[in-house]
Amino acid sequence: MSTLDSGLTARLAARTETVRTVLWRLLFGDRVGLALFLTGLCFFGLYWRMGIYITDGSAIANTLVNVADGRVVLTEVPYGSGLEAPGTYVGNDGPVGRNYGIVVLAVPVFYALQGLGAVFDLGVVLIGVWSLALVGAVTTVGRLVEREWVVVGGSALAVVAFVANVAFATPVDPGLYPILALQIVGMLAAVLSGVFCYRLVACLHGRRIGVAAGTAVVLATPVAFWAALLKRHSFTVLCIAAALYALARSRTADEHSETRRFRALASVPVALLAWIHAAEALLLFAPLVVVDFATADRNDRRTLAVIAGTFALSLVPFFLTNLLVSGNPVEPPRMLPSYSASAGLDLSGGGGGGAVLDIPIPIVGGLVRIALRFVSLLGEGVVVAFTDPVRLHRVFLRGGYLSSVAFRDGYQAIRLTVLESAPILAGFAAAPVAAGLWIRRRGRTALGSSLRSPTGVVDTVALASGLLFVFLFLPRLPVHAQVTVRYLHPLYLLGVYGLARVPAIRSAVTTHWRTTGLAYGGTVLIGGQLVVIVLAAIDAGLGEAVQFHALLALAAATSLAAWAVVRTLSDTVPERAGAALVSVTAGAGTIFVLLSGIEYFAYAGEFALPVVRWLSAALPLA
Amino acid sequence: MDLGSSVPYVAAAVILVVTLASGPLAIADRPAEQPTQIGTGSVTISDVRLPETATLRQGQFGEASYYVQVPPATVVFDGIEGRPILTYKLEIAALGYTRESAFFLGPDTGERMQFSLERDELPPEDVRNDSYAGVLRVVERAGEESRVVAERNVTVRVRR
């Protein structure tokens, strides 16, 4: 009996160990990845509001409630305006939702919350999990930097924070559980985007700049803003980051079998993205396939079979979901007619496709139709990009008040541009200069071989995919309910990657590591308080506060851009200044994320951490 | 290093134990129902102090909308019966604009109360004059009926 027991225990232990190793290698890579993961989750938790922020969230929450009951058709619609909620479509057997890929991921979390909520006070459980993550974060970070005080002090802080939060904990309404489940998977996706960014950059340029890039994505860009806000964008960013990472690994691998494995793995996140948002997946798929095959050392039959097989297998959930939803495996929810007459923005070409339901389209015909529609949308975007500088300015540089947009944002100028949302991206201004200099020095012939190098391959896919996102969405921008131009969310990841590829920036951050860290901490802690003081002193309204951040961001961004360009051209400007400016722009991004979450958009729901609820009420801001 | 290696485990254990002990607390935590229905009863008021002016202030830093800013009103009660509702309301007839906030009174309400109107926004296209005539009111609502408790004509200044 005991021998049987020990044998079973040993095998179970071995099995658990294998699962742990696989998960570990798949998600975090190393302890730095884990540290970033835990730190990011704790950060998101600071301004986690339990509720629906914009109406689009209702449809996803409704979809989850039904999928958790085992059906794709929406029969129970407790959130928002029910079936009228934007993001509800007319499916084959009745109304359906969208983003099924996210919903399926959230189902186990939802069950877990229901189970925990039945036995414990869920509010306390969430506080407990956050505090445990904090203990984990300080322990991992403290051991990585070999500072015992970080481990000890951080753990003590976690216990104090736990006790303080539990003292004010209030019960969580079970009606919020589906929303919480979606928020949790959203935060996981957002933080893993940063982890994959770290691994991608570390794989190409070493750990130090990798850590800086991953941290920047998680703490200083709108990825943090939208982490818990029930939108798909975090997942889009994660899929892109994971695909680029796998691509980079396929080009840095020593053995051919490893190259093949990573090339195949790169197709998995593309397929999963299709499950979430098919059109966005195409924007990643096209550049990835073209560049991968054009630059690969070998495209032998076996390699092709492995890649195609992996991709086809990963697409199974996408096909199955579409089959259930629309009756056609290649027709995703967004191509169906909208359920509500007042449909929001989608890519179905305006809900006029009622005939789609009557005539079953052959798959090939469907694919051709999708491709044509898609190419025409992209073409429209290209035209707009080259003929409408005013629009480019309003989307990328300076936003301010636009009546056409503001009237749907409650007459408030709460719309930022890409640069205002993520001023750190300004450093990318030096990229064309650096590229130009490089070509002049090395000649055009060197360019060909450089494009086949690991960095060249990833650069090309990142650039092409980023441009395609711009082309697809630009004709619809600027638009309301964006705050940070969330349609172009991937640019924040790709931009940070691009930043890490700019030699001047990379060298400044890696050489002046301490300056970078100190300047970032100083900006957030001191600068953040100054912002609060100024805004409180002038009794700023919501739009004023958001625009104040925009101007601060632009000021910091201009300095960084100027430094990066000059430093790329000549070594006479000090490198340390660049490290400080990168941190100031990153800090400006972080301050906006924190204050917007804790103050400006606090109405999105009750804070998961009760102490933050108190802080939010105590701060004298909008 | 010994301390550093055991502290996280102790911290984690404390957090876990308290979290797991929260089950029974969850049941005790449920909020009690309010017995009396709100919006019923009556209030006698001894004094209402309404501000003289309100402001339409245009936003800064690129925010072009106007903020409707109304100083608070002070209401002094003689007696409150049941759970009546008072509203504080601004009307600017020339702009077709009204805004009001409701205040729920009850046995816990003190002798006096400050009524404030939350900040609101008006689009820049709508605001053309340098000032507007407005009316501030405190109104008692009981069921379908409403009774004006206090009223004052105010000047709404526009600050650009």
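What you see is a predicted model; the values in this text were computed from it and never measured.

Participant: I'm lost on the overall build of chain A in this one. Help?
Facilitator: Within chain A, the secondary structure is distributed over 28 helices and four strands. Its C-alpha atoms give chain A a radius of gyration of 24 Å, within 12% of the compact-globule value 25 Å for 622 residues. Along the three orthogonal principal directions, the C-alpha set of chain A runs to about 75 × 70 × 65 Å. Accessible area for chain A stands at about 25000 Å²; split by element, carbon and sulfur atoms hold 68% of it. The average position of the 44 basic charges and that of the 33 acidic charges among the side chains of chain A differ by 9 Å.

Participant: What should I look at first to understand the pattern of salt bridges in this one?
Facilitator: Oppositely charged side chains are able to pair whenever their charged atoms sit close together. Residue and element names in this part refer to chain A. Within this structure, the stated rule accounts for 24 salt bridges over all chains. As a salt-bridge pair, Asp-69 and Arg-71 come within 3.7 Å of each other at their nearest N and O atoms. Relative accessible area serves as the criterion here: at 49%, Asp-69 is assigned to the partly exposed category. Of the residues examined, Arg-71 reaches a relative accessible area of 26% and is grouped as partly exposed. Glu-575 is the partner of Arg-567 in a salt bridge, and the nearest nitrogen-oxygen pair spans 3.7 Å. One exposure class covers both Arg-567 and Glu-575, and it is buried.

Participant: For this particular structure, what's the right way to read the state of the cysteines?
Facilitator: Between two cysteines, a covalent bond joining their sulfur atoms is known as a disulfide. Following the criterion strictly, the structure yields zero disulfides over all chains and no others. Summary of cysteine pairing: Cys239(A) is not part of a disulfide, and the nearest cysteine sulfur, belonging to Cys197(A), is at 15 Å.

Participant: How should the environment of Gly80(A) be read in this particular structure?
Facilitator: Among the structural elements, Gly80(A) can be located in the loop between α3 (56-68) and β2 (89-90). Along the primary structure Gly80(A) and Ala59(A) are separated by 21 residues, whereas in three dimensions their C-alpha atoms are 7.6 Å apart.

Participant: So what exactly am I meant to see when it comes to the sheet that holds strand β1 (residues 40-49) of chain B here?
Facilitator: Note on sheets: strands pair through backbone hydrogen bonds, and any given pair is parallel or antiparallel. Residues and elements named next belong to chain B. The strand order across the open sheet formed by three strands is β1-β4-β7, and the pairing between neighbours is antiparallel. Because the sheet does not close on itself, it has two edges, and the strands there are β1 and β7 (112-115). Averaged over all pairs of adjacent strands, the angle between their axes in this sheet comes to 40°, without regard to strand direction. As paired strands, strand β4 (residues 73-83) and β7 are joined by four bridges and run antiparallel to one another. Its bridge partner being in β7, Thr-74 is matched across the sheet by Gln-114.

Participant: What is the right way to read a nonpolar patch on the surface from this model?
Facilitator: A cluster of nonpolar side chains, Phe168(A), Val611(A), Trp614(A) and Leu615(A), forms an exposed patch at the surface whose accessible area comes to about 420 Å². Mapped onto the secondary structure, Leu615(A) falls in helix α28 (residues 610-618).

Participant: Please clarify how the pairing of strand β3 (residues 66-69) of chain B should be interpreted in this entry.
Facilitator: When a strand is regular, its side chains alternate between the sheet's two faces. Residues and elements named next belong to chain B. Burial along β3 is two-sided: the face carrying Tyr-66 and Val-68 and the face carrying Tyr-67 and Gln-69 are both buried. One ladder, built from three bridges, connects β3 with strand β8 (residues 120-122); its direction is antiparallel. Pairing of Val-68 across the sheet is with Asp-120, part of β8.

Participant: How should the packing of aromatic side chains be read in this particular structure?
Facilitator: Note on aromatic pairs: each is described by the distance of the centres and the angle between the planes. Evaluated as defined, the whole model comprises 20 aromatic pairs over all chains. On the numbers, 5.6 Å between centres and 45° between planes, the contact of Phe318(A) with Phe319(A) is tilted. Looking at Phe318(A), the relative accessible area reads 10%, which means it is buried. Judged by its relative accessible area of 31%, Phe319(A) is partly exposed. Here the aromatic rings of Phe103(B) and Phe115(B) are separated by 4.2 Å at their centres, their planes lie at 5°, and the arrangement is stacked. Here Phe103(B) is found in strand β6 (residues 97-104), whereas its partner Phe115(B) is found in strand β7, with 12 residues between them in sequence. Of the residues examined, Phe103(B) reaches a relative accessible area of 12% and is grouped as buried. Classification of Phe115(B) by relative accessible area gives buried; the value is 0%. Lying across the ring of Phe293(A), Arg263(A) places its NZ or CZ 5.1 Å from the centre.

Participant: What should I look at first to understand the confidence of the model for chain A in this one?
Facilitator: Caution applies to low-pLDDT parts of the model: their predicted coordinates are not meant to be read in detail. The predicted model of chain A averages 91 in pLDDT, with 95% of residues at 70 or higher. Under a pLDDT of 50 for its full length, residues 343-360 of chain A has, in the predicted model, 28 contacts with residues more than four places off or in other chains.

Participant: When you look at the nonpolar core in this model, what are you seeing that I'm missing?
Facilitator: The nonpolar side chains of soluble globular proteins are, as a tendency, buried together. Phe44(A) and Leu180(A) are the most contacted members of the largest nonpolar core, which totals 199 residues. Here the element with the most residues in this core is helix α7 (residues 177-205) of chain A; it accounts for 20 residues. Residues in contact with Phe44(A), not counting those within four places in the same chain, are Met187(A), Ala190(A), Val191(A), Val218(A), Ala224(A) and Ala227(A). Counting 29 residues, the second-largest nonpolar core is a separate cluster that includes Leu50(B), Tyr66(B), Leu117(B) and Tyr132(B).

Participant: Before we go on, may I ask you to explain the packing of helix α2 (residues 31-46) of chain A against helix α5 (residues 122-144) of chain A in this structure?
Facilitator: Packed helices, taken two at a time, are described by the angle between their axes plus the distance between the axes. All names here are of chain A. Following both chains from N to C, one finds α2 and α5 inclined at 140°, their axes separated by 8 Å at the closest point. Between α2 and α5, the interaxial angle falls into the category oblique. Here α2 runs over α5; the crossing is left-handed. On α5, the residues touching Arg-31, Val-32, Leu-34, Ala-35, Leu-38, Thr-39, Leu-41, Cys-42, Gly-45 and Leu-46 of α2 are Trp-130, Ala-133, Leu-134, Gly-136, Ala-137, Thr-140, Val-141, Arg-143 and Leu-144.

Participant: Could you clarify how one ought to interpret the environment of Pro574(A) in this entry?
Facilitator: Residues and elements named next belong to chain A. Note on placement: Pro-574 falls in the loop between α26 (542-569) and α27 (575-600). Measuring from C-alpha to C-alpha, the distance between Pro-574 and Val-390 comes to 35 Å, with 184 residues separating the pair along the chain. Residues contacting Pro-574, with those up to four places away along its chain left out, are Trp-563 and Arg-567.

Participant: Please clarify how unusual backbone geometry should be interpreted in this entry.
Facilitator: Leave glycine aside and you will find that most residues have negative phi; peptide bonds, for their part, are mostly trans. Residues and elements named next belong to chain A. The amide bond that connects Leu-477 to the next residue, Pro-478, takes the cis arrangement and shows omega of -5°. Tracing the sequence through the fold places Pro-478 in the loop between α22 (454-473) and α23 (490-501). A positive phi angle is found at Val-483, which is not glycine, with a value near 55°. Take Val-483: it is sitting in the loop between α22 and α23. Look at Asp-539: it is not a glycine, yet its phi comes out positive at around 55°. Tracing the backbone shows Asp-539 in the loop between α25 (513-537) and α26.

Participant: Can you walk me through the environment of Phe473(A) in this structure?
Facilitator: Residue and element names in this part refer to chain A. You can see Phe-473 is positioned in helix α22. A residue is classified by how much of its surface remains accessible, and Phe-473, at 4% relative accessible area, is buried. When the C-alpha positions of Phe-473 and Gly-381 are compared, they lie 7.1 Å apart, and in sequence the two are 92 residues distant. Apart from residues lying up to four places away in sequence, Phe-473 is in contact with Arg-232, Glu-280, Tyr-487 and Leu-488.

Participant: Help me understand the packing of α3(A) against α7(A) in this model?
Facilitator: All names here are of chain A. In contact at an axis separation of 9 Å, α3 and α7 are set at 105° when each is read in the N-to-C sense. When the axis of α3 is compared with that of α7, the two are roughly perpendicular. Mapping the contact onto sequence places Ile-60, Ala-61, Leu-64 and Val-65 in α3 and Pro-178, Ile-179, Ala-181 and Leu-182 in α7. Considering only residue class, the contact of α3 with α7 consists of eight nonpolar, no polar and no charged.

Participant: Help me understand the interface of chain B and chain A, please; the structure alone is not making it clear to me.
Facilitator: Note on interface size: it is often stated as the accessible area lost on association of the parts. At the junction of the two partners, chain B supplies 35 residues and chain A supplies 38 residues. Between chain B and chain A the total buried area reaches about 2900 Å² when both faces are included, carbon and sulfur atoms providing 65% of it. The largest contributions to the chain B side of the interface with chain A come from Ile15(B), Phe61(B) and Glu63(B), which together make up 23% of the buried area. Residue Arg119(B) pairs with Asp539(A) through a salt bridge whose shortest N-O separation is 3.0 Å. The interface formed by chain B and chain A holds 12 residue pairs in polar contact (both at pLDDT 80 or more) in total. With 13 residues, helix α1 (residues 2-20) of chain B is the largest single contributor of residues to the side of chain B that touches chain A. Class assignment of the residues belonging to the side of chain B that touches chain A gives a composition of 17 nonpolar, 11 polar and seven charged.

About the cut-offs
- Residues numbered from 1 in each chain as written.
- Chains lettered and ligands numbered in written order.
- Predicted model: local features only at pLDDT ≥ 70, side-chain atom pairs only at ≥ 80, totals over all residues.
- Heavy atoms only, no water.
- Helix = DSSP H or I, 4+ residues; strand = E, 2+ residues; numbered from the N terminus.
- Rg over C-alpha atoms; globule rule 2.2 N^0.38 Å.
- Areas by Shrake-Rupley, 256 points an atom, 1.4 Å probe, with all protein chains shown as cover.
- Lys, Arg positive; Asp, Glu negative; His and termini not counted.
- Charge placed at Lys NZ, Arg CZ, Asp CG, Glu CD.
- Salt bridge = Lys/Arg side-chain N within 4 Å of Asp/Glu carboxyl O.
- Buried < 20%, exposed > 50% of the residue type's maximum accessible area, 1.4 Å probe, protein only.
- Disulfide = S-S within 2.5 Å.
- Pairing = 2+ DSSP bridges.
- Axes fitted to C-alpha atoms, helices over the stretch in contact; angles between N-to-C directions.
- Patch = residues over 30% accessible without salt bridge, like charges linked within 9 Å, V, L, I, M, F, W, Y side chains within 5 Å.
- Phe/Tyr/Trp six-rings, centres within 6.5 Å; stacked < 30°, edge-to-face > 60°.
- Lys NZ or Arg CZ within 6 Å of the ring centre and 35° of its normal.
- pLDDT = per-residue confidence, 0-100.
- Contact = heavy atoms within 4.5 Å.
- Core = buried A, V, L, I, M, F, W, Y, C linked by side-chain atoms within 4.5 Å.
- Parallel < 35°, antiparallel > 145°, perpendicular 65-115°, else oblique.
- Left-handed = near helix turned anticlockwise from the far one by under 90°.
- Nonpolar A, V, L, I, M, F, W, Y, C, P; charged D, E, K, R; others polar.
- Buried area = accessible area lost by both parts, 1.4 Å probe.
- Polar contact = N/O pair within 3.5 Å; in protein donor to acceptor, adjacent residues only side chain to side chain.

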